[in-house]
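# A closer look at the structure
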Amino acid sequence: MKVRKIERVRWWTYAGLGLAALISLFPLYWMFVVSTSDTATARKQPPAVVPGGNFFHLAATVFETVPFLRALMNSLIVALSIGAGQALLCSLAGFAFAKLRFRGRNVLFLLVVLTMTVPTQLSIIPQYMIISKLSWVDTLQALIVPGLASAFGIFWMRQHLATTISDELLQAARIDGATTWQVFWRIAFPLVRPAAFVLGLLGFVTAWNDFLWPFVVLKSPEMYTAQIAIKALQNNYDVDLGLAMSGSFLATIPMLILFVFVGRRMVAGIMDGAFKG
Amino acid sequence: MTVTSIPAPTKAAPGTKEPIRERLAPYAYIAPFFLIFGVFGLVPLLFTFYVSLFDWNPIGEHVFIGLDNFRRLLDDPRFYNAVRNTFSIWLLSTVPELLIALGLAHLLNHLRLRWAVFFRMSMLIPYITSVAATTIVFLQLFDRDYGLLNWLLGRVGIGPIDFVQSTWGSHILIAAMVAWRWTGYNTLLYLASLQAVPREIYEAASVDGAGAWAQFRRITIPSLRPVIVFTVVTSTIGGLQIFTEPLLLSQSAPLTCGPVRQCQTLTLFLYEQGFGQFQFGYGAAIGVALFVLVVAFAGLNFFLSTRRRTEK
């Protein structure tokens, strides 16, 4: 292939992308600035644009006002369970749909795809009724168990399993006497672990940030997730402007740390799972 | 037995019978999804239709009233108000969001771009920030008296604009939050699709004298059509479900997003009726209305996208 001339990047490309990056990052920076300032500084005109020295005082108030540490722990439990559970269950179902033959496979897979298009939020009232029939109101399993089913995850894992694992490889394992479970666990799953990891990551982030469902089923402050704790802090808005902001920032820090380590894989995962028309 | 062209991995060797355990394995692997989705997805969806036919008090009586909830809904100005607000916010967020994402994807799709990883990653930061945290910080930035935005607007002689109390202001504020969150995500989807377009096409267009704008209109847009349809559908479904932003917007009247319901969305209206007023039947009827809207939109989109394809 002959060397192609690649057009150079114009200045306005950087200007546009730089502006987009600035707008994306600024609100987080602002969250940090306000959560380090006292109310008087936050209300100054023009607004202060550098962090103040009030961070630890505000953070301490956050932990006094609501059981915030508990809320962070609850969020972690829920998000970890959902992330890991989705990664495993979707790989398993994706494996069945991609590599196993069984009666009704195509119809059942079509059903999975169809469930993706119906937003379940609109049936939130009966969902709550079922949760209360199970006596799961105000418990974490009310968040975890429904969150384990992900039609998108199955769709995604099926795609990966279908393209990365050859039928010959699985057949060879079969001839050696491996059971279906062994084929999945020893051969198929290790090969698609990167894809399952990204899926779990997206499930983790979504569960960490979820609001409506926890808001409906959680009642007592000890069961709050971090997002619901932010709402509780907002009720103290008049007391201290920075309080809800400080809580928001504290609830975002774990996501930022995670993003530093696996952000590149998330970007690649979203682009890779991107809709292929 | 002759060698088949399609390998059948689970078929047992000829002559041996597959143990029942092995034959049931595939069903066991997909069972958790169908079980969970059935209990927490499908049953509630069907039950929504059922409950909507009742005057259903969570701790009291359930009285069958037929279609009365729907009659009441169609006479309820609060319902039309919520529909209007939902569509207004959806339009104000989706149109700029997708246009900006298209432009940014176009800018990012350059082989020699420096700091490409930084640009891509920074665009995903809003996506990992929770809606609750986003709302808190946007409320501060858009505050009438102390917000940075109004201060900047004041410097050029505009405002101050009350982004919480006014109808348009609150719609713009919520739309800004939604767009901030999803623009980067959609940019990455578009970029992935763009990278699949052979660069030779752009080069050939360049040689033929097509400028940047002509290339964008004639090559970028058409090759992205499927993913554009996809993002329009997902942002429509997402737009119909906006809840957290309006709930956190008004501190005096959270369930109505302000004293005159100036930014109450359909999902917030559903929540208010169901969990604020304890009218499960009426709330379920709002859920049915949402379902009808989603189906109508999906159908419209399907119709438009297939018609466009057959015209070509």
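Owing to the predicted nature of the structure, the values given are computational and were not obtained by experimental measurement.

The next point concerns the overall build of chain B. Looking only at helices and strands, one finds twelve helices and two strands in chain B. Put simply, chain B runs from its N terminus to its C terminus through helices and strands in the order α-β-β-α-α-α-α-α-α-α-α-α-α-α. Taken over C-alpha atoms, the radius of gyration comes to 25 Å for chain B, far larger than the 20 Å a tight globule of 312 residues would show. Projected onto its principal axes, the C-alpha coordinates of chain B cover approximately 75 × 65 × 40 Å. Put simply, 67% of the contacts in chain B that link residues at least 6 apart link residues at least 24 apart.

Moving on, we get to the packing of helix H1 (residues 11–34) of chain A against helix H5 (residues 131–141) of chain B. At their nearest, the axes of H1 of chain A and H5 of chain B sit 10 Å apart, and the two run at 75 degrees to each other. Judged on the interaxial angle alone, H5 of chain B and H1 of chain A are roughly perpendicular. Counting all contacts with H1 of chain A, which are made through Pro27, Trp30, Met31 and Val34 of chain A, the residues of H5 of chain B involved are Ala133, Thr134, Val137, Phe138, Gln140 and Leu141 of chain B. In terms of residue class, the contact of H1 of chain A with H5 of chain B is made up of eight nonpolar, two polar and no charged.

Before going further, it helps to examine the nonpolar core. Ala93, Met157, Leu199, Ala229 and Ile230 of chain A together with Ile136 and Ile174 of chain B are the most contacted members of the largest nonpolar core, which has 159 residues in total. At 15 residues, helix H4 (residues 68–99) of chain A tops the list of elements feeding residues into this core. Excluding anything up to four places from it in sequence, Leu199 of chain A contacts Gln86, Ala87, Cys90, Gly153, Trp156 and Met157 of chain A.

With that out of the way, let us pick up helix H3 (residues 55–65) of chain A. All names here are of chain A. Within the sequence span of H3, burial applies to Leu58, Val62 and Thr65. For H3, the buried positions fall inside an angular range of 75 degrees around the axis, keeping them on one side. Away from its buried face by more than 90 degrees, H3 exposes Phe56, Ala60 and Glu64.

The subject of this paragraph is the packing of H5 of chain B against helix H7 (residues 167–194) of chain B. Residue and element names in this part refer to chain B. Where H5 contacts H7, the two axes come as close as 10 Å, and the packing angle between them is 130 degrees. Between H5 and H7, the interaxial angle falls into the category oblique. Between H5 and H7 lies a crossing of right-handed hand. The segment H5 lies against H7, with Thr134, Thr135 and Phe138 engaging Leu173, Ala176, Met177, Trp180 and Arg181.

Listed as interface residues are 83 residues of chain B and, on the opposing side, 83 residues of chain A. A total of 19 residues in the side of chain B that touches chain A trace back to one element, the largest contributor, which is helix H1 (residues 20–51) of chain B.

All names here are of chain B. Here chain B shows a mean pLDDT of 88. Residues at 70 or above account for 93%. Note that residues 1–12 has pLDDT below 50 and, in this model, 15 contacts with residues that lie over four places away or in other chains. Here the complex is predicted with pTM 0.91, and the ipTM for its interfaces comes to 0.91.

Glancing now at the environment of Ser220 of chain A. Tracing the chain through its elements places Ser220 of chain A in the loop between helix H11 (212–217) and helix H12 (226–234). In the structure, Ser220 of chain A is positioned 96 residues away from Ile124 of chain A in sequence and 20 Å away in space, judged by C-alpha atoms.

With that out of the way, let us pick up the environment of Leu46 of chain B. Inspection of the secondary structure assignment puts Leu46 of chain B in helix H1. Placed 242 residues apart in sequence, Leu46 of chain B and Val288 of chain B show a C-alpha to C-alpha distance of 9.8 Å.

About the criteria used
Residues numbered from 1 in each chain as written. Chains lettered and ligands numbered in written order. Predicted model: local features only at pLDDT ≥ 70, side-chain atom pairs only at ≥ 80, totals over all residues. Helix = DSSP H or I, 4+ residues; strand = E, 2+ residues; numbered from the N terminus. Rg over C-alpha atoms; globule rule 2.2 N^0.38 Å. Contact = placed C-beta atoms within 7 Å. Axes fitted to C-alpha atoms, helices over the stretch in contact; angles between N-to-C directions. Parallel < 35°, antiparallel > 145°, perpendicular 65-115°, else oblique. Nonpolar A, V, L, I, M, F, W, Y, C, P; charged D, E, K, R; others polar. Core = buried A, V, L, I, M, F, W, Y, C linked by C-beta atoms within 7 Å. Buried ≥ 20, exposed ≤ 12 C-beta atoms within 10 Å, placed from the backbone. Arc of directions from axis to C-beta. Left-handed = near helix turned anticlockwise from the far one by under 90°. pLDDT = per-residue confidence, 0-100.

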